[in-house]
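Overview (structure and organization)
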Amino acid sequence: MVRAFCLGNRACAHIEQGQLDEALKEAKLANDTFPNNPGMVATLGRALYSNGLYDDSLDVLNRAVDMNPRRGETYWYRHELYKLLKNDAKADLDEKTARAYGYRPGSEFCGH
């Protein structure tokens, strides 16, 4: 489990540094190591949309929401994806939901 968290954090760091191929690789490894953790699943979703894989990302983020519907960070990631997809209504709803569950942009580096 510790390995998965380290991989997930490294994936987030790679995203922040613009190293998107590495981010996706690390996020996939983290998800494979700990597939039932909604944070790992959400990190994979973030890495997917960061790499332009929007359809795959939406499927993964929807699964993460189903796994833990009160995890604000997941809604925030999906909000970011909906903005990229130009779906303002869904982006706004997910932003409000993320904030309602206590997520504040920049409040955590990458939570699992």
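Basis of the calculations
Residues numbered from 1 in each chain as written. Predicted model: local features only at pLDDT ≥ 70, side-chain atom pairs only at ≥ 80, totals over all residues. Heavy atoms only, no water. Helix = DSSP H or I, 4+ residues; strand = E, 2+ residues; numbered from the N terminus. Buried < 20%, exposed > 50% of the residue type's maximum accessible area, 1.4 Å probe, protein only. Contact = heavy atoms within 4.5 Å. Phe/Tyr/Trp six-rings, centres within 6.5 Å; stacked < 30°, edge-to-face > 60°. Salt bridge = Lys/Arg side-chain N within 4 Å of Asp/Glu carboxyl O. Core = buried A, V, L, I, M, F, W, Y, C linked by side-chain atoms within 4.5 Å. Expected span 1.5 Å × (residues − 1). Arc of directions from axis to C-beta. Axes fitted to C-alpha atoms, helices over the stretch in contact; angles between N-to-C directions. Parallel < 35°, antiparallel > 145°, perpendicular 65-115°, else oblique. Left-handed = near helix turned anticlockwise from the far one by under 90°.

Details of the side chain of His79
Residue position: His79 is located in helix H5 (residues 72-84). The exposure class of His79 is buried, given its relative accessible area of 3%. His79 has contacts with Ala91, Asp94 and Glu95, leaving out every residue within four places of it along the chain.

Side note on the packing of aromatic side chains
The way to describe two aromatic rings as a pair is by their centre distance and the angle between their planes. Summed over the entire model, instances satisfying the criterion amount to 3 aromatic pairs. On the numbers, 5.9 Å between centres and 65° between planes, the contact of Phe5 with Phe34 is edge-to-face. Highlighted residues: Phe5 in helix H1 (residues 2-16) and Phe34 in the loop between helix H2 (20-33) and helix H3 (38-50), separated in sequence by 29 residues. The class of Phe34 is partly exposed, set by a relative accessible area of 23%.

Remarks on the pattern of salt bridges
This structure, assessed with the given rule, holds 5 salt bridges. Arg46 is the partner of Glu16 in a salt bridge, and the nearest nitrogen-oxygen pair spans 2.4 Å. You can see Glu16 sitting in helix H1 and its partner Arg46 sitting in helix H3, a full 30 residues away along the chain. Put simply, Arg99 and Glu95 hold a salt bridge, and the shortest N to O gap is 3.3 Å. Of the two residues, Arg99 and Glu95 both sit in helix H6 (residues 88-100), 4 residues apart, roughly one turn of that helix.

Focus: the nonpolar core
Counting 21 residues, the largest nonpolar core has Leu44, Leu61 and Tyr77 as the members making the most contacts within it. Every element with two or more residues in this core is listed here: H1, H2, H3, helix H4 (54-67) and H5. If you tally residues by element for this core, the top one is H3, at 6 residues.

A closer look at H4
Side chains that are three or four residues apart share a direction in an α-helix, a result of its 3.6 residues per turn. Helix length check: H4, at 14 residues, gives a terminal C-alpha distance of 20 Å against a target of 20 Å (1.5 Å per residue), a fit within 8%. Three or more residues of H4 are buried, namely Ser57, Val60, Leu61, Ala64 and Val65. The arc that holds every buried residue of H4, seen down its axis, measures 145°, which confines them to one face. Residues of H4 that are exposed and point more than 90 degrees away from the buried face comprise Asp55, Asp59 and Asp66. Along its buried surface, H4 packs onto H3 and H5.

Side note on unusual backbone geometry
Even without a glycine there, the phi angle at Lys86 is positive, about 65°. Within the fold, Lys86 resides in the loop between H5 and H6.

Observations regarding H1
Here H1 spans 21 Å end to end across 15 residues, near enough to the 21 Å set by a 1.5 Å rise per residue. Just downstream of H1, Gly18 is the residue with a positive phi angle, here 80°.

Points about the packing of H3 against H4
Contact geometry of H3 with H4 gives a least axis separation of 8 Å together with a crossing angle of 160°. Here H3 is positioned roughly antiparallel relative to H4, judged by the angle of their axes. Judged by the twist between their axes, the crossing of H3 over H4 is left-handed. Here H3 contributes Pro38, Val41, Ala42, Leu44, Gly45, Arg46, Leu48 and Tyr49 to the contact with H4, which in turn contributes Tyr54, Asp56, Ser57, Val60, Leu61, Arg63, Ala64 and Met67.

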